[in-house]
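# Per-entry structural report
This is what each chain is made of:
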Amino acid sequence: MVANGYTPPPAFSFTVTVAGSGTALQLLSGADASFQEVSGVEAKIEVETVKEGGENRYAHQLPGVTKSPNLVLKRGYVTEPSFLSEWAAQTVGATLNQPILTQTLVVMLLGPERFPLVAWRFDRAWPVRWVTGPFDSLKNQYLTETLEFSYATVTRMPMNEAVTMVPAVSALIGY
C-alpha cells in the first residue's frame, strides 16, 4: 500500500470485448468475455541512435517506430458458439481469398464491484494464431485454446471512456 492509501488493483478480474457493430454471433457469445490470461498489453518506442558529426562526447537518441507484441488471449476451450473462435478459424484457417476482417478489441480491468477501472483499446486487430490443446491423457486438466491477435495500435483508455463501457460489461457478465 502506498502512503496516500492507494492499493494497486489485482490483475485477476478482467474482461475482453469486441467493439463495433456486432454480428448476431458476436452478441450471443457471452463466453468470449471470459479468459484465463491476457498478455501482450505493451507498446514500445524504438530508439534510433544518431552520432553527432564532430562531437564524440554523446549521441542523440531519437524516437523511432512504436512497436507492440501480439495480444494473446488464453481460455478454457469453448464448445458453444463463439465469435472470436469463428473469426480466428475464418482468418487463420483461410486461404486469404477474402479480405481479413479487422475489429477493435477492448480489454478491461475490473474492480471489486465488476466495474471497469481501466481499459485498453486494440485497433485494427485480426487473428494471427489459434492454438488448441494440448491433449494429454496423463493429466486431469481443462482443454485450453489460445487466440493471438496482431493489431495496429494500443491505447490506454482514460477512466471516463472506460466508464462508458459499463453497460456492455454488465451485459457480458450477466448483471
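These notes cover the structure that comes with them. Predicted, not measured: the structure shown is a model, and the values here were computed from it.

All told, the structure shown has four salt bridges when counted by the stated rule. A salt bridge links E145 to R75, with the shortest nitrogen-to-oxygen separation between them at 2.8 Å. Taken as a pair, E145 in strand β8 (residues 144-150) and R75 in strand β5 (residues 71-76) lie far apart in primary sequence, 70 residues in all. Since its relative accessible area comes to 1%, E145 is described here as buried. We classify R75 as buried; its relative accessible area is 2%. For E148, the salt bridge identified is with R129, shortest N-O distance 3.2 Å. Pair noted here: E148 is in strand β8 and R129 is in strand β7 (residues 116-132), with a separation of 19 residues, a long-range link. You can call E148 buried: its relative accessible area is 14%.

Calculation rules
- Residues numbered from 1 in each chain as written.
- Predicted model: local features only at pLDDT ≥ 70, side-chain atom pairs only at ≥ 80, totals over all residues.
- Heavy atoms only, no water.
- Salt bridge = Lys/Arg side-chain N within 4 Å of Asp/Glu carboxyl O.
- Helix = DSSP H or I, 4+ residues; strand = E, 2+ residues; numbered from the N terminus.
- Buried < 20%, exposed > 50% of the residue type's maximum accessible area, 1.4 Å probe, protein only.

Fair warning: the whole summary comes from geometry, so function is off the table for now.
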